[in-house]
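A structural walkthrough
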Amino acid sequence: QVQLVESGGGLVQAGDSLRLSCAASGLTFSTYTMGWFRQAPGKEREFVAAIMWSGGRPHYADSVKGRFTISRDNTRNTVYLQMNSLKPEDTAVYYCAARRYGDSVLPNEYNYWGQGTQVTVSS
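The rules behind these values
Residues take numbers from 1 onward in each chain, read along the sequence in its written order. Where local features are concerned, this predicted model is filtered to residues with pLDDT of at least 70; where side-chain atom pairs are given and counted, the filter is 80 or more; whole-chain, interface and lining totals use all residues. Based on all heavy atoms of the structure, the side-chain values leave hydrogens and waters out of the count. Helix and strand assignments come from DSSP, with helices taken as H or I runs of at least 4 residues and strands as E runs of at least 2, each series counted from the N terminus. Residue burial is assigned from relative accessible area. The probe radius is 1.4 Å, only protein chains are included, and a residue is buried under 20% of its type maximum, exposed over 50%, and partly exposed in between. Counted as a polar contact is a pair of N or O atoms within 3.5 Å, where, for protein atoms, one must be capable of donating a hydrogen and the other of accepting one, and residues adjacent in sequence contribute only when both atoms are in side chains. Here, nonpolar core means buried Ala, Val, Leu, Ile, Met, Phe, Trp, Tyr and Cys residues that are tied together by side-chain atoms lying within 4.5 Å of each other. Note on disulfides: each one is a pair of cysteine sulfur atoms within 2.5 Å. Residues counted as positive are Lys and Arg, residues counted as negative are Asp and Glu, and His and the chain ends are not counted. What counts as a salt bridge is simple: a side-chain nitrogen of Lys or Arg found within 4 Å of a carboxyl oxygen of Asp or Glu. Should any heavy atoms of two residues lie within 4.5 Å, those residues are counted as being in contact.

What to know about the side chain of Asp 73
Within the element layout of this structure, Asp 73 appears in strand β7 (residues 68-73). The class of Asp 73 is buried, set by a relative accessible area of 19%. Separated by 2.6 Å, the side chains of Asp 73 and Thr 75 make a polar contact.

Considering the nonpolar core
Core analysis: the largest hydrophobic core is formed by 35 residues, its most contacted members being Met 34, Trp 36, Val 79, Leu 81, Met 83 and Tyr 94. Elements with a contribution of two residues or more to this core: β3 (18-25), β4 (32-39), β5 (46-51), β7, β8 (78-83), β9 (92-100) and β11 (117-122).

Details of the state of the cysteines
Under the criterion given, the structure shown has 1 disulfide. Here Cys 22 connects covalently by a disulfide to Cys 96, the sulfurs 2.1 Å from one another. On the sign convention where negative means left-handed, the S-S torsion of about -80° between Cys 22 and Cys 96 marks this disulfide as left-handed. With a gap of 74 residues between them, Cys 22 in strand β3 and Cys 96 in strand β9 connect regions that are remote in the sequence. The same class applies to Cys 22 and to Cys 96, which are both buried.

Re the environment of Ser 63
Tracing the backbone through its elements, the reader meets Ser 63 in the loop between β6 (59-60) and β7. By relative accessible area, which is 40% here, Ser 63 ends up partly exposed. In the structure, Ser 63 is positioned 27 residues away from Asp 90 in sequence and 9.0 Å away in space, judged by C-alpha atoms.

A word on the side chain of Arg 72
Tracing the sequence through the fold places Arg 72 in strand β7. As a buried residue without a salt bridge, Arg 72 has its nearest oppositely charged side chain in Asp 73, at a separation of 8.3 Å. At a separation of 2.9 Å, a polar atom in the side chain of Arg 72 contacts the main-chain carbonyl oxygen of Met 52. Of the polar contacts made by the side chain of Arg 72, one reaches the side chain of Asn 74; its length is 2.8 Å. Excluding its chain neighbours within four sequence positions, the residues that come into contact with Arg 72 are Phe 29, Ser 30, Tyr 32, Thr 33, Met 34, Ile 51, Met 52, Trp 53, Gly 55, Thr 78 and Val 79.

Here it is, written out as structure tokens:
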């Protein structure tokens, strides 16, 4: 049984910061690429950030580059998304996802998903 559980979302003001966490169980965490995606009302789920199993060369969507940082702690089976300088357009449900064998920016290539955590940024 694979389970990904996100936490850390909330309501903040523009310019504030949040740190999202995703705790994984039921998989060999250190062998999976981990990603963050988000979905705003009326929009498709979009890539935010991903990090390889080794923690090497994280990559980001252009819309969050320079503001968000993805990291992972394989000893705790947890991936994080540090979000700084938040903007109202960052408002969305944020999802944690896991992928076998390699990294990807495509949602369809991820094997497991969490339930999501709401991030709301007021202007």
